[in-house]
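A look at the structure
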Amino acid sequence: MNNFSFLWKLCVVYGICYLLFAYQNPDGIGSGIFAAISAIFLLVIARRLKNQPAEEDNNLSITISAESIFYFIAAVLISFGNCLTDNSFFLFFNHVGSFLLFSIACIKLFYNDKKWDFGKYTAILFSYWIQVLKAIPVPFQNWSDYHKNNSKKMSSTTRYVIIGIAAGIPILFITTLLLASADQVFSDMLEHIINFDTMYKWLTENLPEDMVLLPCSFIIYTLLLYLVISALCRGNLKEEIKEPARFGTPIAVTIFIMIDIVYVIFSGIQLLFLFIGVPIVQYEYAEYAREGFFELLFVALINFFLVLFCNKHFAKNTILKVVMTITCLCTFVMIASSAYRMQMYVQAYHLTFLRLFVLWFLLLLFFFMVGSTVSIYKENWNSFRYCLFVLTCFYTVFALSNADGLIARYNVAQFEKDFADGTADYLGDYLPYDYRYSKAYASALSDLEEKYKSFLTEAERRLINNYLSVDEHFYEYDYDISDETFNDYTLQKNAEIYDKSLEKSLFSWKHFNFIEYICYRKCKQISN
């Protein structure tokens, strides 16, 4: 690769940045900083390589567009979302989402993807990371070529000595083992000089784990940046897309007419009995509203993909456009019905993460269907690019929203409202069953305890005090690997940064998490 000297120096700095900011740090502010550094490095490299010849006689066509920058920014923001939550769902999907958005942004820098659909993009992403794996020998080949062209040749004697050492080590190892096996006195002497049991025990117990992981992580991330750029510069990904298969339009018209008859009847029932509230003899109204939510959601998804499929594989005429539009309109009714049912769930059983996620997904699906409806009438409309943009915006906002804190504030507000009306149940009934495993409820429960301290029952005050316990969230037993026993009950290592009285290491701030900080502060206030 051209610019080898520039690139490998940048890769070494990149590996050091990983150790400083993101090493063993999945939920701290350092992971967001490292994502920002990654975006900057990739853009700097792309700018450097612009209009230069690529490997394998391909010409690079690098375009630093607003769209690629948008996805870099979204990936960085999602990574910063790690320090705004302690929810394992977000921590997992933030890393996955950031990885995918970085991949998409890099591909947009080097390839024209304006005509790619979902299937093509999936194939390209898979092929791209196959190319990254295939590029593993490239850094070493480039280093060898660079070394030959820029370094003085070693003397023949030095070269021969190095070759002799490399060849002699395995021979020495094999012959020594054979001789030790042949003579017991020689074997005892070796055992006395080199105590293998003692050496193994020292390596497993005394050698710090980081002495192995640190250099391995540095090497991996140094090579990773080089491999990512090498795979892109090879230009092996095919931009061309195959012409989709076409089917007879009457097939699609017949399908849509059949399902539209059912959809129109169903939508009418939703308008009459759910939204307007016409009494139903066989059902209680609340029972009727709780039925069929996931089935409606599944049908709405089927309709979305059905419209996309027909846009791609059928020539559209006026009749097909009309029946597809009816399907889209009925799907909007289904989405509204699902959202209304979920709203009734929330009113009856309060808010949980799953219910909030479903409401978020329904709003996302609504915008997807808006794009599908537009695609019926607008030629050359790329539904995949639209959906990718909408999904990126929605998830970025969701990742930065502190969803668990929002749920806590909503449920506590409902308790306060019912408490003021004299209809409140036990406080624990307003909280999700797994609230104790999240630190996001600290602020809402602390404010509730401060506001209504003299009015809460003893059980409710005990619930809040048990939750707002430093020991509960930030202390753990020190596990001794050597004798497999639990020793002292100590403050978690990463939690030391929240206590001003404790000494901190130089880069401990990289583990800072806003949710943990607020929880620790509220717990300390209660304990004091």
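Here's a quick rundown of the structure.

Rules and cut-offs
Residues numbered from 1 in each chain as written. Predicted model: local features only at pLDDT ≥ 70, side-chain atom pairs only at ≥ 80, totals over all residues. Heavy atoms only, no water. Salt bridge = Lys/Arg side-chain N within 4 Å of Asp/Glu carboxyl O. Helix = DSSP H or I, 4+ residues; strand = E, 2+ residues; numbered from the N terminus. Buried < 20%, exposed > 50% of the residue type's maximum accessible area, 1.4 Å probe, protein only. Axes fitted to C-alpha atoms, helices over the stretch in contact; angles between N-to-C directions. Left-handed = near helix turned anticlockwise from the far one by under 90°. Contact = heavy atoms within 4.5 Å. Nonpolar A, V, L, I, M, F, W, Y, C, P; charged D, E, K, R; others polar.

Some remarks on the pattern of salt bridges
- The tally for this structure, following the rule as stated, stands at seven salt bridges.
- Of the charged contacts in the structure, one is a salt bridge between Lys108 and Glu67, with a shortest N-O distance of 3.0 Å. With Lys108 in helix α4 (residues 88-110) and Glu67 in helix α3 (residues 66-80), this pair connects stretches of sequence that are 41 residues apart.
- Taking the shortest distance from any N to any O, the salt bridge between Lys451 and Glu416 comes out at 3.2 Å. A residue pair is termed long-range when its members are at least 10 positions apart, and Lys451 in helix α18 (residues 442-452) and Glu416 in helix α17 (residues 403-421) qualify at 35 residues.
- We classify Lys451 as exposed; its relative accessible area is 54%.
- Accessibility expressed as a relative area gives 19% for Glu416, which makes it buried.

Focus on unusual backbone geometry
- The phi torsion at His350 lies on the positive side, around 70 degrees, for a residue other than glycine.
- Residue class for His350 comes out buried when judged on its relative accessible area of 12%.

Quick word on the packing of α4 against helix α16 (residues 383-399)
- One way to put it is that α4 packs onto α16 with a least axis distance of 11 Å and a crossing angle of 145 degrees. Pair α4 / α16 crosses with left-handed handedness. Between α4 and α16, the contacting residues are Phe90, Phe93, Asn94, Leu101 and Ile104 on the first element and Leu388, Thr392, Tyr395, Phe398 and Ala399 on the second.
- Looking at the contact of α4 with α16 residue by residue, the class counts come to eight nonpolar, two polar and no charged.

Focus: the environment of Phe34
- Relative to the elements of secondary structure, Phe34 occurs in helix α2 (residues 29-49).
- Relative accessible area serves as the criterion here: at 9%, Phe34 is assigned to the buried category.
- Separated by 45 residues in the primary sequence, Phe34 and Ser79 place their C-alpha atoms 8.7 Å from one another.
- With sequence-adjacent residues up to four places away left out, Phe34 is seen in contact with Tyr14, Cys17, Tyr18, Phe21, Ala22 and Tyr221.

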